[in-house]
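Notes for the structure review
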Amino acid sequence: MAGLSAAGSNEVAAEKPVLQMLGRISEGRWELRRRDGSVQRICIDSGKRLIQLRHPESPCNRLVLEDGPSSVTVQYTCRGKGYGRTHIRLETGQLVQIESQGIAEGLPFEFVAEGRRIGDCTP
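Residues numbered from 1 in each chain as written. Predicted model: local features only at pLDDT ≥ 70, side-chain atom pairs only at ≥ 80, totals over all residues. Heavy atoms only, no water.

**Some thoughts on the packing of aromatic side chains**
Our working rule: In this scheme Phe, Tyr and Trp rings, the latter by its six-membered ring, pair at centre separations within 6.5 Å, and the angle between planes marks the pair as stacked below 30 degrees, edge-to-face above 60, and tilted otherwise. Only when the NZ atom of a Lys or the CZ atom of an Arg is both within 6 Å of the ring centre and within 35 degrees of the ring normal do we say a charge sits over the ring.
The final tally for this structure, using the stated rule, is 1 aromatic pair. Directly above the ring of Phe-111 sits Arg-34, whose terminal nitrogen or CZ lies 4.2 Å from the centroid.

Laid out in structure tokens, this is it:
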């Protein structure tokens, strides 16, 4: 019996939360400055919102390719809407670097942006 419970506890100990780094990103109003000069302002309630910037409302299947303490890479597919691959690097809870590419609305997209928290969301 002791051998069985030890094996079971090892399995539980080996599991770790997925995309834990994104939980360190502060909620609120964010400004995304793309390298092409365009600016987008969004309200986020979770760092996971930054994964699908070009497919914000689409239910998508996600595959986590990298899940580190300061960066994540996620590939996602939105049936009938397109797909993407996003890499997010955390500098602080209020500053991130984002690289994303894929297909949205039948057209390719690619962008690099700096995301910065600029305040609270207004109702």
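Structure's up, so let's keep going.
**A short note on the state of the cysteines**
Worth spelling out the cut-off: Any two cysteine sulfur atoms lying within 2.5 Å of each other are counted as a disulfide. The helix and strand labels rest on DSSP assignments: H or I over at least four residues marks a helix, E over at least two residues marks a strand, and numbering proceeds from the N terminus. Note on classification: 1.4 Å probe, protein chains only; a residue is buried when its accessible area is under 20% of the maximum for its type, exposed when over 50%, partly exposed between these limits.
Within this structure, the stated rule accounts for 2 disulfides. Bridging Cys-60 to Cys-78, the disulfide has an S-S length of 1.9 Å. Disulfide Cys-60 to Cys-78: torsion about the S-S bond roughly 95°, handedness right-handed. Placement of the pair is Cys-60 in the loop between β2 (39-44) and β3 (61-67) and Cys-78 in strand β4 (residues 71-78), with a sequence separation of 18 residues. We classify Cys-60 as buried; its relative accessible area is 18%. By relative accessible area, which is 1% here, Cys-78 ends up buried.

**With respect to the nonpolar core**
Put simply, the rule is: Working definition of a nonpolar core: buried Ala, Val, Leu, Ile, Met, Phe, Trp, Tyr and Cys residues. They are joined through side-chain atoms within 4.5 Å. Two residues form a contact once any of their heavy atoms are found within 4.5 Å.
With 24 residues, the main nonpolar core has Leu-22, Ile-25, Leu-50, Ile-88, Val-96 and Ile-98 as its most contacted residues. Once you skip the residues sitting within four places of it in the chain, Leu-50 turns out to touch Ile-25, Leu-32, Ile-42, Ile-44, Thr-86, Ile-88, Val-96 and Ile-98.

**Focus: the side chain of Ser-100**
Spelled out, the test is: For the purposes of these results, a polar contact is taken to be a pair of N or O atoms within 3.5 Å, where, inside protein, one atom must be able to donate a hydrogen and its partner to accept one; residues adjacent in sequence count only when each atom of the pair is a side-chain atom.
Residue position: Ser-100 is located in strand β6 (residues 95-104). A polar atom in the side chain of Ser-100 sits 2.9 Å from the side chain of Thr-86. If near-sequence neighbours (up to four positions away) are discounted, Ser-100 is found in contact with Arg-85, Thr-86, Phe-109, Glu-110 and Phe-111.

**Some thoughts on the sheet that holds β2**
We apply this condition: Paired strands, as defined in this entry, are two strands with at least two bridges between them according to DSSP. A fitted line through C-alpha atoms represents every axis, and for helices the fit uses only the stretch in contact; the resulting angles, taken between N-to-C directions, go from 0 to 180 degrees.
The strand order across the open sheet formed by 7 strands is β2-β1-β7-β6-β5-β4-β3, and the pairing between neighbours is antiparallel. Strands at the two margins of the open sheet, each flanked by one partner only, are β2 and β3. Each adjacent strand pair in this sheet contributes to an overall mean axis angle of 25°, direction not counted. Relative to β2, strand β1 (residues 28-34) runs antiparallel, the two sharing 6 bridges. Counterpart to Trp-30 in the pairing with β2 is Ile-42.

**Observations concerning the environment of Ser-38**
For Ser-38, the location among the structural elements is in the loop between β1 and β2. Judged by relative accessible area, which is 29%, Ser-38 ranks as partly exposed. For Ser-38, the side chain forms a polar contact with the side chain of Asp-36, separated by 2.7 Å.

**Quick notes on the environment of His-87**
Mapped onto the elements, His-87 comes out in strand β5 (residues 82-92). A relative accessible area of 22% means that His-87 is categorised as partly exposed. With 12 residues separating them in the primary sequence, His-87 and Gln-75 have C-alpha atoms 8.8 Å apart. Discounting residues that sit within four places of it in the chain, His-87 has contacts with Glu-66, Ser-71, Val-72, Thr-73, Gln-97, Ile-98 and Glu-99. A distance of 3.5 Å separates a polar atom in the side chain of His-87 from a polar atom in the side chain of Glu-66.

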